[in-house]
Protein chains: 2
Amino acid sequence: MSQHDLKLNDLTCGTCPIRHRAVCARCEADELEQLGAIKYYRSYQAGQPVIWSGDQMEFVASVVTGIATLTQTMEDGRRQMVGLLLPSDFMGRPGRANAAYDVTATTDLVICCFRKKPFEALMASTPHIGQRLLEMTLDELDAAREWMLLLGRKTAREKIASLLAIIARRNASLRLTEDGAARFDLPLTREQMADYLGLTLETVSRQISALKREGVIALEGKRHIMVPDLDRLLAETGDDSDGGMPS
Amino acid sequence: MSQHDLKLNDLTCGTCPIRHRAVCARCEADELEQLGAIKYYRSYQAGQPVIWSGDQMEFVASVVTGIATLTQTMEDGRRQMVGLLLPSDFMGRPGRANAAYDVTATTDLVICCFRKKPFEALMASTPHIGQRLLEMTLDELDAAREWMLLLGRKTAREKIASLLAIIARRNASLRLTEDGAARFDLPLTREQMADYLGLTLETVSRQISALKREGVIALEGKRHIMVPDLDRLLAETGDDSDGGMPS
DNA sequence: CGTTATGTTGAGCTCTCTCAAGCTTGGTGG
DNA sequence: CCACCAAGCTTGAGAGAGCTCAACATAACG
């Protein structure tokens, strides 16, 4: 624990791994200093809750390392993941007192918190923060809409392939070997994948087995995926083959 | 047509029905004047396309009157609605050259367009616009996430009930009669409802018939809905009975 | 009137869910 | 060191919700 705290205390904006992608990306040195005055780090172990829906939130935060999930739960227990927070993603909403979703650390997690009131004040006085937050929120909205297409119209197999493709695409530990193969770790359990995709965990398991049986992917252990041919995986997602033309 | 243009030309910010809810809500008189210099109105008839995904967009816009839909289409024709634009909602994204979704007018539609380049410049110089846009985008993100729960986890019956409840809640022409009954027009065809809910149009039709048969709703024509007991409808949505506590 | 767009209803099928059993892996305590 | 246990995962069998295909109904419109 003391060792852990030590690591937290080593963090500074100067060495921060998300310095240029997070909500503070556009900030100048003086603005960063103002942010620094209201920030503090927190860490959570894999599996721990960060906040429950309805709880009062006294902070907003950026994910520094690790992965967290946003989930909604219905009265009878049905659950749907509505967000996946990766390093540099923002959690919480300025101007809102209570959390709207359950937030859970799915891996060990470090977040950079800003006390909400002073953060809101800073947003009003330094446009760079609000500008960046708008940009990030628009990106999230686009991601949510792509996800809606997945939830509403894709088959179980397409859903699995899409999720694997998303993780492969934005996983930092992804390594492309010489021949176009990719390897990565799944950061989610089968149940979490099911909550993400609007499926049951059994269907997730069966579809993964099917993709494995057909050679689209290979498993090394339960959580490590090897994709021999990324194009073949992408062909299973149901998405356009040409990923949209550059603007 | 000339009569139509006449009506468009009558529009001014001073009499604009969405003046206090749209992206210009927070603007002062001088800011409004700057916006006014780069704005122009357009109108579309029900059913007409406003823009196709991938098209270059030379403007962003606010919906003034009428309803438009945002939809995504897969190669094989499967479609999913990802947004429903009501008066005051914003379309387009500053900083993006091409449209990401198909936009279609589902009723007669009037939008207030801002030329994109000057709008982006204005956003940089007048914080009020960006602030309001951030607020609206965060609201849309919340709506998208609630919609994800619907798409991923609700039954066909719950989906229909939820859609009716949403329309009932925010339809301006909603009238509550003395005894708690509500009446409103459906702005969508059965097929559009299906695209919204991730269902087929046949399933939509069947579920509406079922709700009618059981007295949860009554139809007056195909498009006019009467809800004798709103609470009964809400109970069918699967959502929390208490609509969340005020913060 | 025919024509077209929209909506309803039926019959059968399929994909995904539910329920259930069993497997693997890692950790814990005797 | 082994036995046990729990969490995560896989697989099977049967059921059911929603889809597909098809026929028909209704209404608006030329």
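Calculation rules
Residues numbered from 1 in each chain as written. Chains lettered and ligands numbered in written order. Predicted model: local features only at pLDDT ≥ 70, side-chain atom pairs only at ≥ 80, totals over all residues. Heavy atoms only, no water. Salt bridge = Lys/Arg side-chain N within 4 Å of Asp/Glu carboxyl O. Helix = DSSP H or I, 4+ residues; strand = E, 2+ residues; numbered from the N terminus. Buried < 20%, exposed > 50% of the residue type's maximum accessible area, 1.4 Å probe, protein only. UniProt positions renumbered as here; feature names shortened; annotations may be inferred. Least-squares fit on C-alpha atoms with pLDDT ≥ 70 in both. Near = heavy atom within 4 Å. Polar contact = N/O pair within 3.5 Å; in protein donor to acceptor, adjacent residues only side chain to side chain. Nonpolar A, V, L, I, M, F, W, Y, C, P; charged D, E, K, R; others polar.

Draft legend 1. Up close: the pattern of salt bridges. Taken as a whole and judged by the stated rule, the model has 34 salt bridges over all chains. A salt bridge links R26(B) to E135(B), with the nearest nitrogen and oxygen atoms 2.7 Å apart. Taken together, the residues R26(B) in the loop between α1 (2-10) and α2 (29-37) and E135(B) in helix α4 (residues 127-153) connect sequence positions 109 residues apart. What makes E135(B) partly exposed here is its relative accessible area of 29%. K154(B) serves as the salt-bridge partner of D239(B), at 2.8 Å between the closest nitrogen and oxygen. Remark: K154(B) occurs in the loop between α4 and α5 (156-170) and D239(B) occurs in the segment after α8 (230-235); sequence separation between them is 85 residues. Note on K154(B): relative accessible area 10%, which makes it buried. Each of R79(A), E191(A), D195(A) and R153(B) takes part in salt bridges that share partners, so that together they form one network.

Draft legend 2. The UniProt feature "domain: Cyclic nucleotide-binding" (unreviewed entry) in chain A, seen in detail. The UniProt feature table records "domain: Cyclic nucleotide-binding" (unreviewed entry) at residues 23-140 of chain A. Taken end to end, residues 23-140 of chain A comprises 28% helix and 36% strand; its first and last C-alpha atoms sit 13 Å apart.

Draft legend 3. Seen up close, the relation of the copies chain B and chain A. Each copy superposes on the other: chain B lies on chain A with an RMSD of 0.0 Å after a rotation of 180 degrees and an axial shift of 0.0 Å. Both copies of the chain, as the preceding transformation shows, are related through a two-fold rotation axis.

Draft legend 4. Highlighting the protein's contact with DNA strand C. Surveying the vicinity of DNA strand C reveals 17 residues, the closest of which are T203(A), R190(B), S205(B), R206(B) and S209(B). Here, DNA strand C places atoms within 4 Å of the protein, and 62% of those atoms are sugar or phosphate. Side-chain polar atom of T203(A) to a phosphate oxygen of DNA strand C: 2.4 Å apart, as the coordinates give it. The set of elements that each furnish at least two residues to the surface near DNA strand C consists of α7 (201-213) of chain A together with α7 (201-213) of chain B. The greatest single-element share of the surface near DNA strand C, amounting to five residues, is contributed by α7(B). Of the residues that constitute the surface near DNA strand C, the class distribution is three nonpolar, seven polar and seven charged.

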